[in-house]
Amino acid sequence: NAGVTQTPKFQVLKTGQSMTLQCAQDMNHEYMSWYRQDPGMGLRLIHYSVGAGITDQGEVPNGYNVSRSTTEDFPLRLLSAAPSQTSVYFCASSYSGTKVSPLHFGNGTRLTVT
Amino acid sequence: EDKVVQSPLSLVVHEGDTVTLNCSYEVTNFRSLLWYKQEKKAPTFLFMLTSSGIEKKSGRLSSILDKKELSSILNITATQTGDSAIYLCAVEAEGRGATNKLIFGTGTLLAVQP
C-alpha cells in the first residue's frame, strides 16, 4: 500500500514559471488537501477537496489552483511562481469528507522559487 | 479566530529524561485534538483525543485532553534519540459547510541528546 504519493520531492523554479505538484492516494479517501509548511507558521491549508469534482479554498489559496477529476489524484498548480511560494508542500488525505482527521500525509515537496 | 498554541517552541533533553509538551486551543465547536510526530518528512499520526477518549497511551508516549482548560499534554518517558522530531498538535473543529477544519500549531522541536 503506497498511501499518499507526492512528486517531485524537490523543485527549483524561477519567478514567473508555472508547475504542477502531483499527489495521488490509493486508499479510496474522500478528502484530499494541500498544505504548505513554513518556519514559525505551522501547516497552513491551501485547498481541499471532499470528492471528485469538488474543491474549495483553504486559508492561503492565492496563487494556487487545484482540480479533482478522480478520487485518487489531486494536483496543485502554481500559476506564476513567486519567491513567497518557497515552502515545503504536503498533500494529505482522509477517509471522510466531513470528519477530516486523522490525516495521512505524503512525504512532501520542497519548492524553491528564485 | 481559531488558534492552536504549542509550548515550548523547542527543547533539548538527554536520553532517559521525561518530557511534557503542551498544546492549548481556542476554537469554535471542538471535535478532536490530534498529535503528530514529524521527522524529516511527512507528519505521522500519534494520537487522537475526543470528548469520549481523553487519554491515550502507546508505549512510552501518552497524551491527555483537558476540555475544561482547553489544552492537551503529550508525555514522553525514558526519551531516546529516535524521539527527536517536531511534535505537531492539531485541533479539528466544525468548519463552514459540511466539512470540518483542522488547525495546526507551529510545533515543538524536541532534540534528545545521547
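Residues numbered from 1 in each chain as written. Chains lettered and ligands numbered in written order. Predicted model: local features only at pLDDT ≥ 70, side-chain atom pairs only at ≥ 80, totals over all residues. Heavy atoms only, no water.

## Concerning the sheet that holds strand 8 (residues 76–78) of chain A
Residues and elements named next belong to chain A.
- Strand order in the open sheet made by the four strands is 1-3-8-7, with antiparallel pairing throughout. The strands lining the two open edges of the sheet, one partner per strand, are strand 1 (4–7) and strand 7 (64–66). For this sheet, the mean angle separating the axes of adjacent strands, direction not counted, is 20 degrees.
- Across four bridges, the pairing between strand 1 and strand 3 (residues 19–25) is antiparallel. Paired with valine 4 across the two strands is glutamine 25, which belongs to strand 3. (Pairing = 2+ DSSP bridges. Helix = DSSP H or I, 4+ residues; strand = E, 2+ residues; numbered from the N terminus. Axes fitted to C-alpha atoms, helices over the stretch in contact; angles between N-to-C directions.)

## With respect to the interface of chain B and chain A
- Listed by partner, the interface residues are 20 residues for chain B and 22 residues for chain A.
- Buried area between chain B and chain A, summed over both chains or domains, comes out near 1600 Å², and the portion from carbon and sulfur atoms is 57%.
- For chain B, the biggest contributors to the area lost against chain A are Arg96, Thr99 and Phe104 of chain B; these three give 28% of the whole.
- Inspection of the chain B/chain A interface yields zero salt bridges.
- Connecting chain B to chain A are two residue pairs in polar contact (both at pLDDT 80 or more). (Contact = heavy atoms within 4.5 Å. Buried area = accessible area lost by both parts, 1.4 Å probe. Salt bridge = Lys/Arg side-chain N within 4 Å of Asp/Glu carboxyl O. Polar contact = N/O pair within 3.5 Å; in protein donor to acceptor, adjacent residues only side chain to side chain.)

## Points about the pattern of salt bridges
- This model, assessed by the stated rule, comprises six salt bridges over all chains.
- With a closest N to O distance of 2.8 Å, aspartate 38 of chain A and arginine 36 of chain A form a salt bridge.
- A salt bridge links lysine 101 of chain B to aspartate 2 of chain B, with the nearest nitrogen and oxygen atoms 2.4 Å apart. Residue lysine 101 of chain B is found in strand 10 (residues 101–104), and its partner aspartate 2 of chain B is found in the segment before strand 1 (3–7); the two are separated by 99 residues along the sequence.

## Re the side chain of arginine 44 of chain A
- Relative to the helices and strands, arginine 44 of chain A resides in strand 5 (residues 42–51).
- Sequence-distant contacts of arginine 44 of chain A, defined by excluding residues within four places in its chain, comprise Trp34, Tyr35, Arg36, Asp38, Glu59 and Val60 of chain A.

## Focus on the nonpolar core
All names here are of chain B.
- In terms of nonpolar packing, the biggest core is built from 25 residues, with Tyr25, Leu33, Trp35 and Leu110 touching the most fellow members.
- Contributing elements (two or more residues each) for this core: strand 2 (10–14), strand 3 (19–26), strand 4 (30–38), strand 5 (43–49), strand 7 (61–66), strand 8 (71–76), strand 9 (85–93) and strand 11 (108–113).
- Per-element accounting of this core gives the leading share, five residues, to strand 9. (Core = buried A, V, L, I, M, F, W, Y, C linked by side-chain atoms within 4.5 Å. Buried < 20%, exposed > 50% of the residue type's maximum accessible area, 1.4 Å probe, protein only.)

## Notes on the state of the cysteines
- For the coordinates displayed, the defined rule picks out two disulfides over all chains.
- Here cysteine 23 of chain A connects covalently by a disulfide to cysteine 91 of chain A, the sulfurs 1.9 Å from one another. Because the sign of the S-S torsion sets the handedness, a value of about -70 degrees for the bond joining cysteine 23 of chain A and cysteine 91 of chain A places this disulfide among the left-handed ones. Pair noted here: cysteine 23 of chain A is in strand 3 and cysteine 91 of chain A is in strand 9 (residues 87–94), with a separation of 68 residues, a long-range link. For the pair cysteine 23 of chain A and cysteine 91 of chain A, a shared accessibility class is recorded, and that class is buried.
- Linked covalently through their sulfurs, cysteine 23 of chain B and cysteine 89 of chain B form a disulfide whose S-S length is 2.0 Å. In this structure the cystine formed by cysteine 23 of chain B and cysteine 89 of chain B twists about its S-S bond by roughly -70 degrees; its chirality is therefore left-handed. Taken together, the residues span a long stretch of sequence, with cysteine 23 of chain B in strand 3 and cysteine 89 of chain B in strand 9 at a distance of 66 residues. (Disulfide = S-S within 2.5 Å.)

## What to know about the layout of surface pockets
- The volume enclosed by the largest pocket comes to roughly 650 Å³.
- Around the largest pocket, the lining is made up of 25 residues, and of these Glu59 of chain A together with Asp2, Lys101, Leu102 and Ile103 of chain B lie nearest the centre.
- Residue assignment for the lining of the largest pocket shows that the elements contributing at least two residues are strand 4 (31–38) and strand 5 of chain A together with strand 1 and strand 10 of chain B.
- When grouped by side-chain class, the residues that make up the lining of the largest pocket number eleven nonpolar, seven polar and seven charged.
- Considering only enclosed or pocket space, the second largest pocket measures out at about 460 Å³ in volume.
- Phe90, Asn107 and Arg110 of chain A together with Lys40 and Lys41 of chain B are, among the 20 residues lining the second largest pocket, the residues nearest its centre. (1 Å grid on protein atoms, 1.4 Å probe; cavity = no way out; pocket = protein on both sides within 12 Å on 5 of 7 lines; lining within 4 Å. Points joined across faces, edges and corners; volume = space filled by probe spheres on them. Nonpolar A, V, L, I, M, F, W, Y, C, P; charged D, E, K, R; others polar.)

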